[in-house]
Amino acid sequence: MNNIKKLDKSHIVVTSLDENDGIAYWHSKTPEERLQALELNRSLVYGYGEHPPRLQRFLEVVDQPWSS
């Protein structure tokens, strides 16, 4: 009944997170690769499937009585 698998530590790499390394990494990618990574992050955060959610409207135009 124990279906828990052990973590294969041979595939894990431990490294430091230096800001300059991240900048160099993303500068080495094409614009298409950057957009694909952005879309992957967005889908992971918002969890949408087939139909992505629309952007929420946050401004509304209102007619003012004195602005005739």
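Residues numbered from 1 in each chain as written. Predicted model: local features only at pLDDT ≥ 70, side-chain atom pairs only at ≥ 80, totals over all residues. Heavy atoms only, no water.

Enquirer: Describe the overall build of the protein, naming the residues involved and giving the relevant values.
Expert: Scanning the protein from terminus to terminus reveals 2 helices and 0 strands. Scored against the burial criterion, the 68 residues of the protein give a buried share of 3%. When the accessible surface of the protein is totalled, it reaches about 7800 Å², and 57% of it is carbon and sulfur. (Helix = DSSP H or I, 4+ residues; strand = E, 2+ residues; numbered from the N terminus. Buried < 20%, exposed > 50% of the residue type's maximum accessible area, 1.4 Å probe, protein only. Areas by Shrake-Rupley, 256 points an atom, 1.4 Å probe, with all protein chains shown as cover.)

Enquirer: Give a description of the pattern of salt bridges that names residues and reports values.
Expert: Following the criterion strictly, the structure yields 1 salt bridge and no others. Its salt-bridge partner being Glu 39, residue Arg 42 comes within 3.4 Å of it at the nearest N-O pair. With Arg 42 and Glu 39 both in helix 2 (residues 31-46) and 3 residues apart, this pair spans about one turn of that helix. You can call Glu 39 partly exposed: its relative accessible area is 33%. (Salt bridge = Lys/Arg side-chain N within 4 Å of Asp/Glu carboxyl O.)

Enquirer: Before we move on, could you go through the packing of aromatic side chains and cite the residues and values that matter?
Expert: Each aromatic ring pair is specified by the distance between its two centres and by the angle formed by the two planes. Tallied over the full model, the rule gives 1 aromatic pair. Centroid distance Tyr 25 to Trp 26: 4.9 Å. Interplanar angle 80°. Geometry classified as edge-to-face. (Phe/Tyr/Trp six-rings, centres within 6.5 Å; stacked < 30°, edge-to-face > 60°.)

Enquirer: Account for helix 2, with residues named and values stated.
Expert: Counted at 1.5 Å a residue, the expected span for helix 2 with its 16 residues is 22 Å, and the 22 Å between its end C-alpha atoms agrees. Positive backbone phi, approximately 65°, marks Gly 47, located one or two places after helix 2. (Expected span 1.5 Å × (residues − 1).)

By themselves, these are just geometric observations and shouldn't be taken as functional.
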